[in-house]
Amino acid sequence: MAQRAIETQTLVDVQWLKDHLDAPDVRVIDATWRPSGDINARAAYEERHIPGAVFFDVDEIVDERSSLPNTLPPLEKFVSRVRKLGVGDGHRIVVYDQNGMFSSPRVWWMFRYFGHTEVSVLDGGLPAWIAADGPLEDLPPTPRDRHFTPQLRSMLLSDVTKVSEALKVGAAQIVDARSPERFSGAEGEPREGMRAGHMPGALNAHYQTLLQEDGRLKSDDALRAALEAAGVDLAKPIITTCGSGVSAAILSLALTRLGHDAHSLYDGSWAEWGSSPMLPVETG
C-alpha cells in the first residue's frame, strides 16, 4: 500500500528501507545518542549498523561556542560535516537510532531546518530493523563528498525571546516533552544548578506517550488523542521544548505527521530556561 505523501516527510518503515536500501539516491544515517552516556554511540555504531549507514555525531555537530548542550551548529559547520558524510543534494535521507526512537527525530529536524526536506525517520529504529531480520554490518563506509545546498527554514526554530513572547501574549502553545515528574518539579533536573519545574503556562506532553512499546510512533489517531489529552489545541501554533532540544523533536515529528505546520522547536529548551534566574519557573 502506498504511503500518504505526508508520511514520506516523517516516517518510513523497515520494509520500505529494505526495498530501497540499494537505491542510488538513498542515504542512511545512524544518529544514536543518549544524554546519560549509558551507551557509547559511536562504538555501538561501529559494532553494528544498517549497511551503508554513516554515523552522525550528535555530540560533535553542535555550536561549540554555546554553553548549552546540543545547540544547533553554525550553518558552515553543518554543511561541512554532512558533506564529509557523503550526504547532500538529491538524496533521500533516512535517519535511525539504536534506541528505537529518541535522537533520530532531532537529526531529522536539523536537516529540515538547514533546508533538506527529503528526510525521514526509520520507524522503530534499529530494534525494528533487527526484529525484521534486516541485514547488519560492521564495515566502515567510504563516503564521497557530496554538495549540500543549505536554505535555512527559520520558522522551524524558536529562541528564548520568542518563547517568552508566546507565553505573555498566547501567540503559541508551549509544549514540553519532559516527563511529568520533571515538568512538575517533583524530580530534580539531571544538570547541576538547574531549577526544577516548567515555564508558566506550558503544557506537558511526555514524548513517551507518543510512542508504542516497541519504539515506533503511534498511529495518527493515537497521536492526536495523546496530544489533546495533554491540553494541546492542534488548531493553534505550537513551540516544542524539552531538556536540551532533543526529545522535543519527537513532538515536532508527530506534529508534522499530523499535518500541523505551524510549529517550531525551542533549541535552548530547559537547559537555557531553567538555568536563567531572570526567567519565571512554575512547579506543581
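Starting from 1, residues in each chain are numbered consecutively following that chain's sequence as written. Reporting of local features is limited, given that this is a predicted model, to residues whose pLDDT is at least 70; pairs of side-chain atoms are given and counted only at 80 or more, and all residues count toward the totals for whole chains, interfaces and linings. Computation of side-chain values covers all heavy atoms of the structure but excludes hydrogens and water.

### A closer look at the overall build of the protein chain
For clarity, the threshold we go by: In this description a helix means any DSSP run of H or I spanning at least four residues, a strand means any run of E spanning at least two, and both kinds are numbered starting from the N terminus. All radius of gyration figures rest on C-alpha atoms, and the globule criterion is 2.2 Å times the number of residues raised to 0.38. Note on classification: 1.4 Å probe, protein chains only; a residue is buried when its accessible area is under 20% of the maximum for its type, exposed when over 50%, partly exposed between these limits. Only heavy atoms matter for contacts: two residues are in contact if any of them lie within 4.5 Å across the pair. For the area figures, the Shrake-Rupley method with a 1.4 Å probe applies, and any residue is considered shielded solely by the protein chains shown. Positive: Lys, Arg. Negative: Asp, Glu. His and the chain ends are not part of the count. All charge positions are set by atom: Lys at NZ, Arg at CZ, Asp at CG, Glu at CD.
Along the protein chain, the regular secondary structure elements total 10 helices and 10 strands. Relative to the globule expectation of 19 Å for 284 residues, the C-alpha radius of gyration of the protein chain, 18 Å, shows essentially globular dimensions. By its C-alpha atoms, the protein chain is 50 × 40 × 35 Å across when sized along the principal axes. Across the 284 residues that make up the protein chain, the buried fraction comes to 53%. Here the contacts in the protein chain between residues at least 6 apart in sequence split such that 76% fall between residues at least 24 apart. About 12700 Å² of surface is accessible on the protein chain, with carbon and sulfur atoms providing 50% of the total. A gap of 4 Å separates the mean positions of the 28 positive and 40 negative side-chain charges of the protein chain.

### Observations regarding the pairing of strand β10 (residues 263-266)
Side chains on a regular strand alternate between the two faces of the sheet. For the record, the criterion: When DSSP finds two or more bridges between a pair of strands, those strands are recorded as paired.
Residues His263 and Leu265 point to one face of β10 and Ser264 and Tyr266 to the other, with burial holding for every one of them. With two bridges connecting them, strand β6 (residues 157-158) and β10 associate as parallel partners. Residue pairing in the sheet places Leu157 in a bridge with Leu265 of β10. In the sheet, strand β9 (residues 238-241) pairs with β10 via three bridges, with the strands oriented parallel.

### With respect to helix α3 (residues 75-84)
If you check which residues of α3 are buried, you get Lys77, Phe78, Val79 and Val82. Where α3 is buried, its residues meet α4 (104-113). Immediately beyond the C-terminal end of α3, within one or two residues, lies Gly86, with a positive phi of roughly 80°.

### Examining the sheet that holds β10
The parallel open sheet is built from five strands, whose spatial order is β6-β10-β9-β7-β8. If you trace the sheet from one side to the other, it starts and ends with β6 and β8 (203-204), each paired once.

### Let's talk about the confidence of the model for the protein chain
To be explicit about the condition: Per-residue confidence from the predictor is given as pLDDT, running between 0 and 100.
Summary statistics for the protein chain give a mean pLDDT of 94 and a share of 96% for residues scoring 70 or more. In the model, residues 1-8 has pLDDT below 50 throughout and makes 15 contacts with residues more than four positions away in sequence or in other chains.

### Quick word on the side chain of Ser264
Inspection of the secondary structure puts Ser264 in strand β10. Residues within four places of Ser264 in sequence aside, it is in contact with Met155, Leu156, Leu157, Ser158, Ile238, Ile239 and Thr240.

### Quick look at the environment of Leu227
Tracing the sequence through the fold places Leu227 in helix α8 (residues 220-229). Not counting chain neighbours up to four residues away, the residues in contact with Leu227 comprise Ala205, Leu210, Val232, Leu234, Leu251, Leu255 and Leu258.

### Here's the deal with unusual backbone geometry
In this structure, Asn70 takes a positive phi of about 65° despite not being glycine. Mapped onto the elements of the fold, Asn70 is located in the loop between β3 (54-55) and α3. For Ser269, which is not glycine, the phi torsion reads 45° and is therefore positive. Tracing the chain through its elements places Ser269 in helix α10 (residues 269-273).

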